[in-house]
Amino acid sequence: MAGQEFGHREGPVPAQLHYTSAPSGSEDSGPRFTVVGAQVPPGVLREAERLLGYEPPPDSPEQPDAEQLKRFPTVFGFSELADGGRLLSRSVCTGTDWAGGPVSFHAHAVLLPAGTRLPDGVLPISTWESPRWAESAPPDGRAEPVDRVEPSGLLRKEALVPFAVSRAERLAAFFADVRAAAADPGAGQIVVVEQHSADVARWIALACTVLPREQAHRLTFTTYSRDPRQARQQLVGALPSSEPVADDPRYLVHDCTRRPPSGPVTDTWAEVCARVWRAGRPDLFHNDPDDLGPLAVAALVAGIDLRTDARAVAASWAAEQVGTLPDDTLTALVAGLCGGPVPHLGSPSDTLPGAAEQVALAALLARLDGRVTAAVSAPLAARVLASAVLAHGPVPTLRAGSLTARDHDDLARDLAPALRAGIADTAEPAAGRPLALLRAADLLDVDCQDELPQLAERLARESVTAPAASPSNGEAPGVGCPPALLDAVHTHPGLRVALFGSLDTLAAAEPASAAGVLKSSGLPLDLQQSGFPHLRMCVSPDGSDGSDNRLDRFHGLLRTAGVSPHADPTVLRTALRLTWPGGALPTGAEASLLLKELGSDTHRAAGTRELLIEAALAAPPDDPGIPALATDLLRCFTTELGPGRRTALLLLEFTGRLGTGSEGEEWVGRVLDLTAGAVADPVPDTVAERAFQALASRLLERAAPENELYTLARSGEPRLLAAYERAARSERVGDRLRTDPAYLADRFCDWSAFPGTYPGWDETRTALLAKVLRPVVRALSAREQGEVEAALDRSGRGKLDAFRAWNRPGTLGRLAGRLSGRGRRAEHPGG
C-alpha cells in the first residue's frame, strides 16, 4: 500500500481540512478551522465540526507529560456526510494547555466527494497512522497538496495475525455482528471496547478484510468516542472509561477488557472467518469473502479445520463445482474433509459429522466416485460410510473399487457390530436404512445371514401392508417395490429366498390384501424356479387365462401356483379367496363343481368347507343351483353339520323338489316344521325366505291341494303369507290370470277358501281378491267371463254362485264380509 495517494491519481486532489484548538494566549476561546480546501462547501464545514472535535477520556490527567500524552487515544474516523460524501479524519491530542482546559488537539481530514474512493481501491482504514497525517496546522495557513499517503505498517499481516490470535475467542461473534450491521443499518451500531485506540483500529481492519469489498468501502467507523451514544458511525471504538452502553439494546457491544463470551456462534460464515484469521491466512479472503462456499473450500484446502456446519457448506459447494475444480484442489479438499481418523464404534459424539455434513459429504462422494482416482476418493468413501453407519446418516451406494483394501478391512472390523445392529433395528422401516446397511455389509463382507429371516419378515409385512396407490391411468391399484428392495432381491439370494418365503406366508393368510398391493410390485419370481405358490398366485397379473369365467380364473390360479391342491390343500384356499375376494361367494353351480372336482377331503384339509356351505346358505333366491348344492353338501359332510345347518340344507334341498315328481305331500307342513324346528340354531333368514318363496310359487302354480292351502291359512306364519302375497302380485301370475280362465278360477277358489281361519290369511286373501283378481275380472270380455264361470261350475262346491255374487256390482263389501267370516268366531292355529 506504500506510495498511494489520496484521491485518484488522474482526478482532482482531495480537499483537506485542518481543525485545531486555539494556541495558548490566543484571544479565540475555542477550536477553529485553520486550513480549508477551496472545494469544501460551507455545509460540510458545519458537519465536519461535529466530527473533528476531540474529547479526552474522563480519567485523563489535566496536564499530561510526554509519556502520558502518547497514551491518549487517536480518533481515526471515516464518516458519511449528508451529501453522500465521506470524511476521513485523524484527531490527536497535542498536549498544550489552553484556556484552563486539560489538553489541546489537532484534526486533519480529507474530503472524499460522493462516488470517489481512495486510489486503487485502498480501504480507508489502511491509512491509519500514515506519515502524511499532520499533527499541527501548517505555519502559513496553507496546506500543501498531499499527493501520496504511505499506510501504516501497524495493520499489515504480520501485525494483524498475532492480534487476531490474541482475540481468538471474540472473533466469530464480532464478525457476525459486522456482517449484520453492514447489511442492515437497523441492526445496531457495533461498539468495541479496548484499552488502546490502536487495537480498535486493528478490529476495524479485521472487519474490512472479511466483508465484501463494496461493504468494506462503505463501512463507517471511529477508533474512539468518549460517549458512543453520540457517535454516528457503524463501528465505534471506546475505552473502559467511556460512557457505558452495554445495557442498551441498540448497541452490539464487544468489551475486550472483560471475559470473552461463552457458547458457539451460530453464524457459520463468521465462524469460518474467525478460523481463517486464527490460522494466519487472510490471503484466503482475496475473493468475495461473503460467499461462504468457496471460502470454506479454500480454508479446508489450506489445512484449516472447520466446524461441521462449515464443512457441510464446503462439501455442498464443491459437489456443484466438481467439473470446474482442479484435481489438486479436489485432492486437497478431500484431505481436508477427511482429516483425522475415520469414525469408529466408540468415537465421541462430538467428533462425528452433523446431519447436514453427512448429506453433503455423501453428495460430494456421489459426484467424485468414479471421476477421480480411488486414491483421491477412497478416504471420503470410508468416512462417508463410517459416518452413515455410526451417526445415522444416508448410507452411500459404493462400488467394489470405491475403497482401498485397507479401508475395506478396517471398516469391516470397526463397523460390523453397528451394521448388524442397524439391520436388526425395528424402529426403522425395513426397506429403508436396514436394507441399505445390508448392502454396506455385503460390500464389506460382514456376515449377516442370521439377521436375514427377521429382516425378510419385516420387509414382507411392510410390503403387504403398504397402502395401494390409485393410478390415474385407470389400471388396478398397486404399489411397486422400492428400488432398493428390488435391487436387493436381484443381488442377494439369501435375502430373496427369505423374503419370498415370508411373503408366501402372508399371502396364504390374507390373499386378497396381499394381491392388492403386490400385483404391480415387479417382484422377480422368475429368479426362483419353484416354490412360493401363494405368492405366485397373488402377483399373477390377472390370476387366469384372461377369461371372465370365474372357474377359469380359479383353475388359472392353480396352474400358476404350480402345486396340486391335493398335495398342498392350502393353495385351494388361496385360489378360492383370490377368485371370490371380499366376502364374495360362488354360485350354487360353481360350488357344486368345486366340491365334485376336488372332493370333500381336500376341502376339509384346506378349510374351504365353510365357504361352500356359506355359498348355499347365503345365496340369493334366484340362484337355481342351490338345491343341488345342498344335496351335495348333505351327502359329503353328513357327520359334520350341526342341527341348524343340517336343517337349513334340508330345507334348501326340499325347495328343489317342489314341482317335481319327488315333492311328495304336505309341502307347507314340512317347510314350516323345518323353519320352526331349529330353535337353538335357527335357519338363516335367507334360507327361510327362499323356502317360503319357493313354496308360494308352488301353491300358485296350479290348483293348490286343499290340505296345503288349509295348512297355509291355518299357519299364521307372517313371512310365508307375505311371500305368498308377493308371488300372487307378481307379473307372472297377473299374465296367467289375464290369459288362462281355468287359472283365474283356481285362484278365486283359493282366495275365497277358509274364511275366518286366521286373521292373517283373511287379510291376505281379501287383499288379493280386491287388488289382484277384481281388476282382471272387470277387464274380461263376456266370452272370457263365461269361460271362467264354466271352470268354476266344473269345480262344484258352490264356487260359481260365490263368484257371481262376488262379481255383482255393489255387493263386494257384503260378500267380502261373508267370505271373511265376520260375525263368526275365528279359528286359530291348532284349534
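Keep in mind the model is a prediction, meaning the values are calculated, not measured.

K.L.:
Is there a simple way to explain the packing of helix α28 (residues 685-699) against helix α30 (residues 718-728) in this structure?
P.N.:
Each pair of packed helices can be summarised by the angle the axes make with each other and by the distance between the axes. Orientation of α28 relative to α30, taken along the N-to-C sense of each, is 50°, at an axis distance of 8 Å. With respect to α30, the element α28 is oriented oblique. Along this stretch, α28 crosses α30, giving a crossing that reads as right-handed. Counting all contacts with α28, which are made through Asp-685, Ala-688, Glu-689, Phe-692, Gln-693, Leu-695, Ala-696 and Leu-699, the residues of α30 involved are Arg-719, Leu-720, Ala-723, Tyr-724, Arg-726 and Ala-727.

K.L.:
I'm lost on the packing of helix α10 (residues 327-337) against helix α11 (residues 355-368) in this one. Help?
P.N.:
Between α10 and α11, whose axes approach to 13 Å, the crossing angle comes to 145°. With respect to the hand of their crossing, α10 and α11 are arranged in left-handed fashion. Residues Leu-330, Leu-333, Val-334 and Leu-337 of α10 form the contact with α11, whose participating residues are Leu-361, Leu-364 and Leu-368. Tallied by class, residues from the contact of α10 with α11 come to seven nonpolar, no polar and no charged.

K.L.:
Looking at this structure, how should I read helix α29 (residues 706-715)?
P.N.:
Structurally, the α-helix is built with 3.6 residues per turn, so residues lying three or four positions apart point the same way. Buried residues of α29: Glu-708, Leu-709, Leu-712 and Ala-713, and no others. Projection of α29 onto a plane perpendicular to its axis shows the buried side chains occupying an angular sector of 135°, all on one side. Just past α29, the residue Gly-716 takes up positive phi, approximately 65°.

K.L.:
What should I look at first to understand the sheet that holds strand β6 (residues 189-193) in this one?
P.N.:
One key point about sheets: their strands pair by backbone hydrogen bonds, in either a parallel or an antiparallel sense. Spatially, β2-β1-β5-β4-β3-β7-β8-β6-β9 is the arrangement adopted by the nine strands of the open sheet, whose pairing is mixed. Either end of the sheet is taken by a strand with one partner, and the two such strands are β2 (32-36) and β9 (251-255). Looking at chain direction, strand β3 (residues 75-80) and strand β4 (residues 86-93) are connected through six bridges and run antiparallel. Among the inter-strand pairings, Phe-78 is bridged to a residue of β4, identified as Leu-88.

K.L.:
What is the right way to read the pattern of salt bridges from this model?
P.N.:
A side chain of one charge can pair with a side chain of the opposite charge if their charged atoms are brought near each other. Going through the model one piece at a time under the given rule, you end up with 46 salt bridges. Between Glu-590 and Arg-550 there is a salt bridge; the shortest N-O distance is 3.0 Å. In this pair, Glu-590 sits in helix α22 (residues 588-598) while Arg-550 sits in helix α20 (residues 550-561), placing the two residues 40 residues apart along the sequence. Overall, Arg-550 belongs to the partly exposed group, its relative accessible area being 24%. A single salt-bridge network, built from bridges that share partners, covers Asp-601, Arg-604, Arg-609, Glu-610, Glu-640 and Arg-645.

K.L.:
Hey, could you run me through the pairing of β6 in this one?
P.N.:
Here is the key point about a regular strand: its side chains alternate between the two faces of the sheet. Most of β6 is tucked away, with five of its five residues classed as buried. Alternating residues of β6 divide into Gln-189, Val-191 and Val-193 and Ile-190 and Val-192, and every residue in both groups is buried. Judged from the five bridges that link them, β6 and β9 form a sheet pairing that is parallel. Paired with Gln-189 across the strands is Tyr-251, a residue of β9.

K.L.:
Explanation requested: the packing of aromatic side chains in the structure shown.
P.N.:
Two numbers describe a pair of aromatic rings. These are the distance of the centres and the angle of the planes. Tallying each qualifying case throughout the model produces 18 aromatic pairs. Seen in terms of ring centroids, Phe-554 and Trp-580 are 6.5 Å apart; in terms of plane orientation they differ by 45°. Their pairing is tilted. In this pair, Phe-554 sits in helix α20 while Trp-580 sits in the loop between α21 (570-579) and α22, placing the two residues 26 residues apart along the sequence. Residues Phe-554 and Trp-580 agree in their burial class; the two are buried. By the ring-pair criterion, three or more aromatic residues cluster together here, those being Phe-76, Phe-78, Trp-128, Trp-133 and Phe-221. Seen from the ring of Tyr-743, Arg-747 lies directly overhead, with NZ or CZ sitting 4.6 Å from the centre. Here the guanidinium or amino end of Arg-774 rests over the ring plane of Trp-806, the centre of that ring lying 4.5 Å away.

K.L.:
Explanation requested: the side chain of Asn-807 in the structure shown.
P.N.:
Looking at the secondary structure, you find Asn-807 in helix α35 (residues 799-807). Non-local contacts of Asn-807, meaning those with residues more than four positions away in its chain, are made with Arg-774, Val-777, Arg-778 and Gln-785.

K.L.:
I keep staring at unusual backbone geometry and nothing clicks. Help me out?
P.N.:
Keep in mind that most residues, glycine aside, have a negative phi and that most peptide bonds are trans. The backbone of Glu-129 shows a phi angle near 55°, a positive value even though the residue is not glycine. For Glu-129, the location among the structural elements is in the loop between β5 (105-112) and α3 (157-166). Phi is positive for Glu-666, close to 55°, though the residue is something other than glycine. Inspection of the secondary structure puts Glu-666 in the loop between α26 (643-657) and α27 (667-677).

K.L.:
Please clarify how the nonpolar core should be interpreted in this entry.
P.N.:
When a protein is soluble and globular, its nonpolar side chains tend to lie buried together. Counting residues in hydrophobic clusters, the biggest one holds 222 residues, and the most contacted among them are Ile-125, Phe-175, Trp-277, Leu-364, Leu-385 and Tyr-724. Sequence-distant contacts of Ile-125, defined by excluding residues within four places in its chain, comprise Phe-76, Leu-155, Ala-201, Ile-204, Ala-205, Cys-208 and Phe-221. Counting 21 residues, the second-largest nonpolar core is a separate cluster that includes Leu-17, Val-40, Leu-51 and Val-75.

K.L.:
Mind showing me how you'd approach the environment of Ser-592 here?
P.N.:
Secondary-structure assignment places Ser-592 in helix α22. By relative accessible area, Ser-592 is classed as buried at 7%. Along the chain, Ser-592 and Ala-615 lie 23 residues apart, while their C-alpha atoms are 9.9 Å from each other.

About the criteria used
- Residues numbered from 1 in each chain as written.
- Predicted model: local features only at pLDDT ≥ 70, side-chain atom pairs only at ≥ 80, totals over all residues.
- Heavy atoms only, no water.
- Axes fitted to C-alpha atoms, helices over the stretch in contact; angles between N-to-C directions.
- Helix = DSSP H or I, 4+ residues; strand = E, 2+ residues; numbered from the N terminus.
- Parallel < 35°, antiparallel > 145°, perpendicular 65-115°, else oblique.
- Left-handed = near helix turned anticlockwise from the far one by under 90°.
- Contact = heavy atoms within 4.5 Å.
- Nonpolar A, V, L, I, M, F, W, Y, C, P; charged D, E, K, R; others polar.
- Buried < 20%, exposed > 50% of the residue type's maximum accessible area, 1.4 Å probe, protein only.
- Arc of directions from axis to C-beta.
- Pairing = 2+ DSSP bridges.
- Salt bridge = Lys/Arg side-chain N within 4 Å of Asp/Glu carboxyl O.
- Phe/Tyr/Trp six-rings, centres within 6.5 Å; stacked < 30°, edge-to-face > 60°.
- Lys NZ or Arg CZ within 6 Å of the ring centre and 35° of its normal.
- Core = buried A, V, L, I, M, F, W, Y, C linked by side-chain atoms within 4.5 Å.

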